[in-house]
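Results of the structural survey
Below are the chains, spelled out letter by letter.
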Amino acid sequence: MRQVYSINCRGKLLTTERPLVMGILNVTDDSFFDGGRYCTHDAIAKRCDQIIEEGADIIDIGAYSSRPGALDVPAEEEKRRLLEALYIVFGRHPHAIVSIDTFRADVAHACIEEGGAHIINDISAYNMDPLMLDTVAKLRVPYILMHMQGQPSNMQAAPHYEGGVTHDVIEMLGHKVAELNDNGVADIIIDPGFGFGKTLDDNYELMAALKQFKEFRRPILVGISRKSMIYKLIGGAPKDALNGTTALNMFALMMGADILRVHDVKECVETVKIATELHKYM
């Protein structure tokens, strides 16, 4: 029996009665798969239309690439890009639920208060900006708590886990969940952080142990779309990793994932439908 969670998105309620699909909208020049595709008004509009029409439950907007070696984006530029994208998205889809992919507290605050976003998606678990903890507590919005070892610039240099990757990731996230709870943050979404400071073996060990993250009694988000853990195993590049992404997303759903963050929404929605039907008989 699947555990069902409710996520209060500023008065709009999302439930995980079936797994949710989060469509990626990167308004960046250099993201690892779609960098530079969605940097104009028309391109952003077409992409958000596509995400909604293909059945996503959430649009996740990012303006700062976290791939290793990506260029730094000044905070004001990141904020400008995100607010512009939010204006376009809500102008076309006023009832959309939108998360903001940022580690900066001031950017998150502006996007929630000025831009109307609903969720903060922080790759750093507020390690890169300690002010994020207070910001999330004050805004009282859902917070995606992701594990990352190191920072994007160095996270893949030499990942190492003293107690094993699953143990160490769960331990770190556990401390963060307790701290968030102590500050009154109720809606926490757990993201193990596939690809962020993990070796190829680390990523697959984490995926195989995904059920252990259910101990948090929080929704689990899995983001493996077209990542190197797929194409470095099967060959090719991000453009060749759709089939592997679908296979791994299905496994994640069988292991209890509640939210899938993806580039390819249509394929993911179909995967969720099949997994949901299977779960009726499990």
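All values reported here derive from a predicted model rather than from experimental measurement. (Residues numbered from 1 in each chain as written. Predicted model: local features only at pLDDT ≥ 70, side-chain atom pairs only at ≥ 80, totals over all residues. Heavy atoms only, no water.)

This part takes up the overall build of the chain. Broken down by element type, the chain carries 9 helices and 10 strands. Dimensions of the chain along its principal axes, counting C-alpha atoms only, are 40 × 40 × 35 Å. For the chain, buried positions account for 57% of its 282 residues. When contacts within the chain are restricted to residue pairs at least 6 apart in sequence, long-range pairs at least 24 apart make up 68% of them. Summed over all atoms, the accessible surface of the chain reaches about 12,300 Å², with 52% contributed by carbon and sulfur. Positive and negative charge centroids in the chain, built from 29 and 39 side chains respectively, lie 4 Å apart. (Helix = DSSP H or I, 4+ residues; strand = E, 2+ residues; numbered from the N terminus. Buried < 20%, exposed > 50% of the residue type's maximum accessible area, 1.4 Å probe, protein only. Contact = heavy atoms within 4.5 Å. Areas by Shrake-Rupley, 256 points an atom, 1.4 Å probe, with all protein chains shown as cover. Lys, Arg positive; Asp, Glu negative; His and termini not counted. Charge placed at Lys NZ, Arg CZ, Asp CG, Glu CD.)

Counting residues in each nonpolar core, the largest one holds 73 residues, and the members touching the most others are Ile61, Leu210, Phe213 and Val222. For this core, the element with the most residues is helix H5 (residues 165-182), which contributes 7 residues. Counting 12 residues, the second-largest nonpolar core is a separate cluster that includes Cys9, Leu20, Ile189 and Ile259. (Core = buried A, V, L, I, M, F, W, Y, C linked by side-chain atoms within 4.5 Å.)

Pairing between side chains of opposite charge can happen when their charged atoms approach one another. Scanning the entire structure with this criterion turns up 15 salt bridges. Glu270 is the partner of Lys266 in a salt bridge, and the nearest nitrogen-oxygen pair spans 2.8 Å. Pair noted here: Lys266 and Glu270 are both in helix H9 (residues 265-279), with a separation of 4 residues, about one helical turn. Glu270 gets classed as partly exposed once you look at its relative accessible area, which sits at 38%. One continuous salt-bridge network, built from bridges that share partners, spans Glu77, Arg80, Arg81 and Glu84. (Salt bridge = Lys/Arg side-chain N within 4 Å of Asp/Glu carboxyl O.)

Turning to the confidence of the model for the chain, a few remarks are in order. Of all residues in the chain, 93% have pLDDT values of 70 or greater, and the mean over the chain is 92. pLDDT under 50 marks residues 31-35. Its contacts with residues more than four places away, or in other chains, come to 19 contacts. (pLDDT = per-residue confidence, 0-100.)

Right, let's get into the sheet that holds strand S9 (residues 221-222). Judged by pairing direction, the sheet is parallel, and its 8 strands sit side by side in the order S8-S7-S6-S5-S4-S3-S10-S9 without closing on themselves. Unpaired on one side and paired on the other, strand S8 (188-191) and S9 mark the two borders of the sheet. The pairing of strand S5 (residues 98-101) with strand S6 (residues 119-122) spans 3 bridges and is classified as parallel. Note that in S6 the partner of Asp101 across the bridge is Asn121. Running at roughly 170 degrees to strand S3 (residues 20-26), helix H1 (residues 41-53) makes contact with S3, strand S4 (58-62) and strand S10 (259-262) of the sheet. (Pairing = 2+ DSSP bridges. Axes fitted to C-alpha atoms, helices over the stretch in contact; angles between N-to-C directions.)

This part covers the side chain of Thr16. Within the secondary structure layout, Thr16 lies in the loop between strand S2 (12-15) and S3. A polar side-chain atom of Thr16 sits 2.8 Å from the main-chain amide nitrogen of Tyr5. If near-sequence neighbours (up to four positions away) are discounted, Thr16 is found in contact with Arg2, Gln3, Val4, Tyr5 and Asp258. (Polar contact = N/O pair within 3.5 Å; in protein donor to acceptor, adjacent residues only side chain to side chain.)

Taking 1.5 Å per residue as the helical rise, H9 with its 15 residues ought to reach 21 Å, and the 21 Å between its terminal C-alpha atoms agrees with that figure. Considering only its buried residues, H9 is in contact with S3, H1, helix H8 (242-254) and S10. (Expected span 1.5 Å × (residues − 1).)

Let us look at the state of the cysteines. Counting across every chain of the model gives 0 disulfides. Cys9 forms no disulfide, and the closest cysteine sulfur to it belongs to Cys111, at a distance of 16 Å. In this model Cys111 remains outside any disulfide bridge; the closest cysteine sulfur is found in Cys48, 15 Å from its own. (Disulfide = S-S within 2.5 Å.)

What follows is about the pairing of S10. Along S10, one buried face is formed by Ile259 and Arg261 and the opposite face, lined by Leu260 and Val262, is buried too. With 4 bridges joining them, S3 and S10 adopt parallel strand pairing. Residue pairing in the sheet places Leu20 in a bridge with Ile259 of S10.

A cluster of nonpolar residues, Leu200, Leu233 and Ile234, forms a patch on the protein surface that exposes about 270 Å² of accessible area. Residue classification places Leu200 among the partly exposed residues on the basis of a relative accessible area of 32%. (Patch = residues over 30% accessible without salt bridge, like charges linked within 9 Å, V, L, I, M, F, W, Y side chains within 5 Å.)

Attention shifts here to the packing of helix H6 (residues 200-208) against H8. It is at 10 Å that the axes of H6 and H8 come closest, and there the two elements cross at 40 degrees. The orientation of H6 with respect to H8, classified from their angle, is oblique. Residues Tyr204, Met207 and Ala208 of H6 lie in contact with H8, whose contacting residues are Leu248, Phe251 and Ala252. For the contact of H6 with H8, the class distribution of residues is 6 nonpolar, no polar and no charged. (Parallel < 35°, antiparallel > 145°, perpendicular 65-115°, else oblique. Nonpolar A, V, L, I, M, F, W, Y, C, P; charged D, E, K, R; others polar.)

We now examine the packing of aromatic side chains. Summed over the entire model, instances satisfying the criterion amount to 3 aromatic pairs. Look at Tyr126 and Tyr143: their rings are 6.3 Å apart centre to centre, the planes differ by 40 degrees, and that puts the pair in the tilted class. Residue Tyr126 is located in the loop between S6 and helix H4 (131-139), and its partner Tyr143 is located in strand S7 (residues 143-146); the two are separated by 17 residues in the primary sequence. Ring centres 6.5 Å apart and planes at 35 degrees place the aromatic pair Phe213 and Phe216 in the tilted group. Take Phe213 and Phe216: they sit in the same class, and that class is buried. For Lys176, the ring lying beneath its charged end belongs to Tyr126, and the centroid distance is 3.8 Å. (Phe/Tyr/Trp six-rings, centres within 6.5 Å; stacked < 30°, edge-to-face > 60°. Lys NZ or Arg CZ within 6 Å of the ring centre and 35° of its normal.)

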